[in-house]
2 protein chains.
Amino acid sequence: MALGMCNRNANKLPSAPTETGMSRLALSDADKQARDWFIQTTQALGCHTTVDAMGNIFAVRAGMRNDGPPTYVGSHLDTQPSGGRYDGILGVTAGVEMLKVLTDNWVETEYPVGVVNWTNEEGARFPMSMLSSGVWASAIPLTTAHCLRSIHYPHPTVSEELSRIGYLGSVPCSYESMPMAAHFELHIEQGPLLESSARKIGIVSGVQAYRWYTIEVKGKETHTGTTDLKNRADALLSAAKMILHSHRLATTHSALASTGILTLKPGSTNTIPGSVSFSLDIRAPADTTVQTMDHHIRRDFAAIAAGEDILCSNDYCTPSLPCSVSIRTDSDSPAVTFHPDCIKAVTEAAGSALGPDAEKLTMETVSGAGHDSVYTSKRVPTSMIFVPCRDGVSHNPREFTSPEDCALGAQVLLQSVLRFDKMRADRRVTWNYPGK
Amino acid sequence: MALGMCNRNANKLPSAPTETGMSRLALSDADKQARDWFIQTTQALGCHTTVDAMGNIFAVRAGMRNDGPPTYVGSHLDTQPSGGRYDGILGVTAGVEMLKVLTDNWVETEYPVGVVNWTNEEGARFPMSMLSSGVWASAIPLTTAHCLRSIHYPHPTVSEELSRIGYLGSVPCSYESMPMAAHFELHIEQGPLLESSARKIGIVSGVQAYRWYTIEVKGKETHTGTTDLKNRADALLSAAKMILHSHRLATTHSALASTGILTLKPGSTNTIPGSVSFSLDIRAPADTTVQTMDHHIRRDFAAIAAGEDILCSNDYCTPSLPCSVSIRTDSDSPAVTFHPDCIKAVTEAAGSALGPDAEKLTMETVSGAGHDSVYTSKRVPTSMIFVPCRDGVSHNPREFTSPEDCALGAQVLLQSVLRFDKMRADRRVTWNYPGK
């Protein structure tokens, strides 16, 4: 079956200004435009579309037997503030392409198939990633999600922005109201492993654990010129020591630690910051490593704020007044293992698409990043397909996956869905998940 | 002569919400209100007012001989974003009180006397401190000042904001167009020395040197979950090491180093910052110390960005990809020595106001902070008067100076101006300054 989505031949980074990069923050005007396109396009392909209370959009194509929930392909159309053109977007557009190929070729599936666009996967504008697949899976309360505020002035809530752009649906956001048989997600790897090992398809068996925090450091606002070092409670100096220390802890424990947001008050060259808030993102393949990091961070950040020396943080420094610190956990995503039936469907689809070289051109891998599939996997069989991305660069306008690799990923996605659909018909099983 | 400005008796921090703190950023609507008040009040006292091209406002009361430039009292009405009620404001309101006392008591000075309100002394909204006294002294080009942008969105320029609030005057901003005979400034100490030594008046003989920088660190935006520590160019981790290092350098060289502003891009929990910009404020009593700090900062920040170890900054860290750093000097204020004639006038005025205890209740001191007097001292005889402030706290709503101390400072200010006026008449000298 031919896939027509890629009509560029050059395997190189496009150079025209509009060809690279994407800034489509969740529930922005740009996001509304992409959503409108998604609904119009899938409806034109004969799909029935539903918008739920989190603005998730489900486009469903009927099957021969319409007595079971659809097999879904899903990902997200929102991006980082200066993101790329593939992260999330590839998964949704490949889903749309799947619908088009099925329709163009008069293919009838056993059960319905669908494509879902999840709201605010990035957590870039509303600081909770995979927000709406989380609500769908009952892992995040609807009220928490609706009341979450944009990090940008004037800080509207999710529900305000859903209303404003016309995507506050009346259908409840839940796996019970909008049931799925399975969830398949095609995504760029966002890391260097496929490219560096010359593989084409990553068969994703799970996702590493991660935890997100907001750290608040309180000191004392005083004049930079008249307050000697001894009489300062410098919240930023304290935060700088914590950020450095989180990196040292990550090095020691073979984990990852990153700070992507930092704001301070009052924000004046000649006033020592009295208050600093920063994000902390901790990741590791095993839940126990994340728990160990959590333990050290809580103990050591409090000590650093109090002025104690942690790994020579006070060497060559002036002892000064104490700050205080508070640590809030914003997200906690344990390590995830995907479903063997979905992994099998992807493995066989890749084998079929790649032919005799399949074993050399595929690899089983664990995702470093969180995805909506993390939450769907709590409720329904789930797996993911990775395609290579240049230099492992993501969350950056330079993000790039060749048209050929996009097409191959979309081919494997389509075949995975069809194989899963057939498996359901053959087995007539219902997968046993909590709450089902 | 009685001074009527202080009608509160309690020597304690007021508790009502409107009684503490001040947020009057330069050229904001609140600043316009204060300016309107200043003009109306001084005109009602019979003064002639002039607004120059930087929005500096000069209110002049005629003298018996109007053939010489006025002796000025000056300071500023703008504040930090969460500042106090005294920093700058005391100097202007004490000047207004001086005009009132002279008028109420039918005092005729030999030469004219005046009060000046300088624009954007704080550098809090437009990031160059003492901006408009700097232009007046020809130390900062008018174009540079007019094109300076607000640090707050949508980042209007100084000239746009001057026009908007109606304070873009037609008189050139220069010491030639608006000449002064001398400049006296009453200010809170903003440090703890007067209070802790139970002194009432600081006779300020000069100001410590300082230099302001903007540091830009460039790394690479990548995904926090899929980029291992080795493959990162984390601009914030690099900036955190620099901020810590600047404190260590300050400790070593008995200087001050402070960062009050830090912004980063793109600003997302799961994206490693590709770009960080932060302010650096270096101060020391001697110019040579500031030069030494400058030398170390340039050398060491470049090394830290490149990934080299500086004072164990890389201990326990993962070696990673290099960042780059650029360092821009925004302000450079060498150490200042005030004029002996003005210092003498202040010393005698304090002696007269304090009587036989004067020696125990005054101290000669050097200012830790920059003030408009730094720039006026480049063109005319200048000195300052300090009064104690509680706990040395400034740039903070908790800033507090007792009504009695404010009144005493205003008394010394008035007497200093009168003594200087008499000195001019007696000596008939013109002070020889560059450009005069």
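Predicted model only: the values in this text are computed from it and were never measured. (Residues numbered from 1 in each chain as written. Chains lettered and ligands numbered in written order. Predicted model: local features only at pLDDT ≥ 70, side-chain atom pairs only at ≥ 80, totals over all residues. Heavy atoms only, no water.)

## Remarks on the domain arrangement of chain A
Residue and element names in this part refer to chain A. Test applied: Domain ranges listed in this record stem from an automatic or a database domain assignment. Buried area counts how much accessible surface, traced with a 1.4 Å probe, disappears from two parts once they are put together, with both parts' losses summed. Note on definitions: salt bridges are taken to be side-chain nitrogens of Lys or Arg within 4 Å of carboxyl oxygens of Asp or Glu. Between N or O atoms, a polar contact is any pair within 3.5 Å; within protein, one atom must be a potential hydrogen donor and the other a potential acceptor, and residues adjacent in sequence are included only when both atoms are from side chains. Any residue outside Ala, Val, Leu, Ile, Met, Phe, Trp, Tyr, Cys, Pro, Asp, Glu, Lys and Arg is labelled polar, Gly included; the first ten of those are nonpolar and the last four are charged.
As far as domains go, chain A holds domain 1 (17–208 + 335–427) and domain 2 (209–333). Between domain 1 and domain 2, the C-alpha centre-to-centre distance is 35 Å. For the pair domain 1 and domain 2, the summed buried surface comes to about 910 Å²; carbon and sulfur atoms form 47% of the total. Counting the surface domain 1 buries against domain 2, the share from its top three residues, Ser129, Gln208 and Ala335, is 55%. On inspection of domain 1 and its partner domain 2, the count reaches zero salt bridges. Inspection of the domain 1/domain 2 interface yields three residue pairs in polar contact (both at pLDDT 80 or more). Classifying every residue of the side of domain 1 that touches domain 2 by side-chain character gives seven nonpolar, four polar and one charged.

## Quick look at the interface of chain B and chain A
The following threshold applies: Here, two residues are considered to be in contact whenever any of their heavy atoms come within 4.5 Å of each other. Going along the chain from the N terminus, every DSSP run of H or I of four or more residues is numbered as a helix, and every run of E of two or more is numbered as a strand.
Across the boundary between the two partners, chain B contributes 67 residues, which contact 67 residues of chain A. In this assembly, chain B packs against chain A so that about 5700 Å² is buried in total across both faces, 58% of it on carbon and sulfur atoms. When residues of chain B are sorted by the area they lose upon contact with chain A, His247, Thr269 and Tyr316 of chain B head the list and together hold 12% of the total. On inspection of chain B and its partner chain A, the count reaches 38 residue pairs in polar contact (both at pLDDT 80 or more). Going through the elements one at a time, α7 (235–253), β8 (256–258), β9 (262–265) and β10 (275–284) of chain B are the ones with two or more residues in the side of chain B that touches chain A.

## As for the relation of the copies chain B and chain A
How we decide: The copies were overlaid with a least-squares fit restricted to C-alpha atoms from residues scoring a pLDDT of at least 70 in each copy.
Taken as rigid bodies, chain B and chain A are interconverted by a rotation of 180° and an axial shift of 0.0 Å, the fit giving an RMSD of 0.1 Å. Here the symmetry operator amounts to a two-fold rotation axis. Residue alanine 240 of chain B of chain B places its C-alpha closer to the rotation axis than any other residue of that unit, at 2.3 Å. Comparing interface residues between copies, 100% of those in chain B also lie at the interface in chain A; the contact surface is shared.

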